[in-house]
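Chain residues, written in single-letter form:
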Amino acid sequence: MEFAEILAHKALEAGFNFSEVQLQQFSVYYEMLIETNKVMNLTAITEPEEVAVKHMIDSLLAYEPVMKEGKVLADIGTGAGFPGVPLKIYCPELKVVLIDSLGKRLKFLEQVIEKLQLKNISCEHARAEDAGRNKKHREVYDIVTARAVARLSVLAEYCLPLVKKDGMFIALKGSKYAEEIAEAQEAVKILGGRLLSSEPVRLPGLDDGRAIIRIKKIRNTPAQYPRKAGTPEKQPLGSR
């Protein structure tokens, strides 16, 4: 079974339906990911069904209908492009900025963007802490996403400074999400956020306790955040 067929089948199970063009784009993305992975460490997941489910469909669980309104999204620590690129393929109206600290990963993503002929999507070489202090990025995004980058208390400091007031931060999290939410409550409050929801989600064929966490930005982030690179990891906000 080809990747496109596997993806189409698994996506329907998850409630997603793709056009022929989208399936072709996902297939080319998969092929480029696997080929580039031979010379650069992009992913430990390489089997077609696993990539379809654990990368592509997992990324789409962050989809919100409001994205169709041409919202601007920043994907922090995008790595090989997840969830930013799948969200862009699924929702062409969405404007996307892929932010990562590793230039060679972004070079790969620029090749993906060109090959797939995606519009209104760009790459930005920066650490999240630096992006959050840069006027070009600070509090300008309607939506900020992050997937498996750090614990939520740390991730909030990376991401909430980039979210505009009344915008949303969406975190894709694993089985310890409830513990992470409890641990991050103080940090989220300090940074101007409020927990909207934590929704358990299930991928086709898996039952590993994933969740989508949505945090609304209700007021501007204080000017001292994010702190300098490395500090959020070493001293998470709100930790005793």
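In case you missed it, the structure is sitting above this.
Some points on the sheet that holds strand S4 (residues 141-147)
Read across the open sheet, the 7 strands follow the order S3-S2-S1-S4-S5-S7-S6; overall the sheet is mixed. One side of each edge strand has no neighbouring strand; the edge strands of this open sheet are strand S3 (121-125) and strand S6 (193-201). Along the sheet, successive strands turn relative to each other by an average axial angle of 20°, direction set aside. Summarising the sheet, strand S1 (residues 72-76) and S4 pair through 4 bridges and their orientation is parallel. The partner of Leu73 across the bridge, within S4, is Ile143. Against the sheet, helix H3 (residues 48-60) makes contact with S4, strand S5 (163-173) and strand S7 (210-217), and its axis sits at roughly 150° relative to S4, the strand it touches most.

Concerning the nonpolar core
Leu7, Phe18, Tyr29, Met56, Met67 and Phe108 are the most contacted members of the largest nonpolar core, which has 53 residues in total. Those elements giving two or more residues to this core turn out to be helix H1 (3-14), helix H2 (20-37), H3, helix H4 (84-90), strand S2 (95-100), helix H5 (103-116), S3 and S5.

Some thoughts on the packing of H1 against H2
Viewed as axis vectors pointing N to C, H1 and H2 meet at an angle of 120°, and their least axial separation amounts to 9 Å. In terms of orientation, H1 and H2 fall into the oblique class. Handedness of the crossing formed by H1 with H2: right-handed. On H2, the residues that touch Phe3, Ala4, Leu7 and Ala8 of H1 are Leu23, Phe26, Ser27 and Tyr30. In the contact of H1 with H2, the residues fall into 7 nonpolar, 1 polar and no charged.

Brief notes about the pairing of S7
By the criterion of burial, S7 is predominantly enclosed, with 7 of the 8 residues buried. Of the pairings in the sheet, the one linking S5 to S7 comprises 6 bridges and is antiparallel in character. Among the inter-strand pairings, Phe169 is bridged to a residue of S7, identified as Ile215. As judged from the 8 bridges shared by S6 and S7, these two strands associate in the antiparallel manner. Its bridge partner lying in S7, Glu199 is registered against Ile212.

How each quantity is defined
- Residue numbers here run from 1 along each chain, matching the order of that chain's written sequence.
- This being a predicted model, a pLDDT of at least 70 is required before a residue's local features are given, and a value of 80 or more before pairs of side-chain atoms are given or counted; all residues contribute to the totals for chains, interfaces and linings.
- Hydrogen atoms and water are omitted, and side-chain values are computed over all heavy atoms in the structure.
- Note: two strands are recorded as paired if DSSP finds a minimum of 2 bridges between them.
- Each helix corresponds to a stretch of at least 4 residues labelled H or I by DSSP, and each strand to a stretch of at least 2 residues labelled E; elements are numbered beginning at the N terminus.
- Throughout, an axis means a line fitted to C-alpha atoms (over the contacting stretch in the case of helices), and angles, computed between N-to-C directions, take values from 0 to 180 degrees.
- In what follows, residue pairs with any heavy atoms lying within 4.5 Å of each other are defined as contacts.
- Among buried residues, the Ala, Val, Leu, Ile, Met, Phe, Trp, Tyr and Cys ones that are joined through side-chain atoms within 4.5 Å form a nonpolar core.
- Here the term buried applies to any residue with accessible area under 20% of the maximum for its type, exposed to any over 50%, and partly exposed to those in between, with areas from a 1.4 Å probe on protein chains only.
- We call two directions roughly parallel when the angle between them is under 35 degrees, roughly antiparallel when it is over 145, roughly perpendicular when it lies between 65 and 115, and oblique otherwise.
- Note: crossing handedness is left-handed where the near helix turns anticlockwise from the far helix by less than a right angle, and right-handed where it turns clockwise.
- Charged residues are taken to be Asp, Glu, Lys and Arg, nonpolar residues to be Ala, Val, Leu, Ile, Met, Phe, Trp, Tyr, Cys and Pro, and polar residues to be all remaining types, Gly included.

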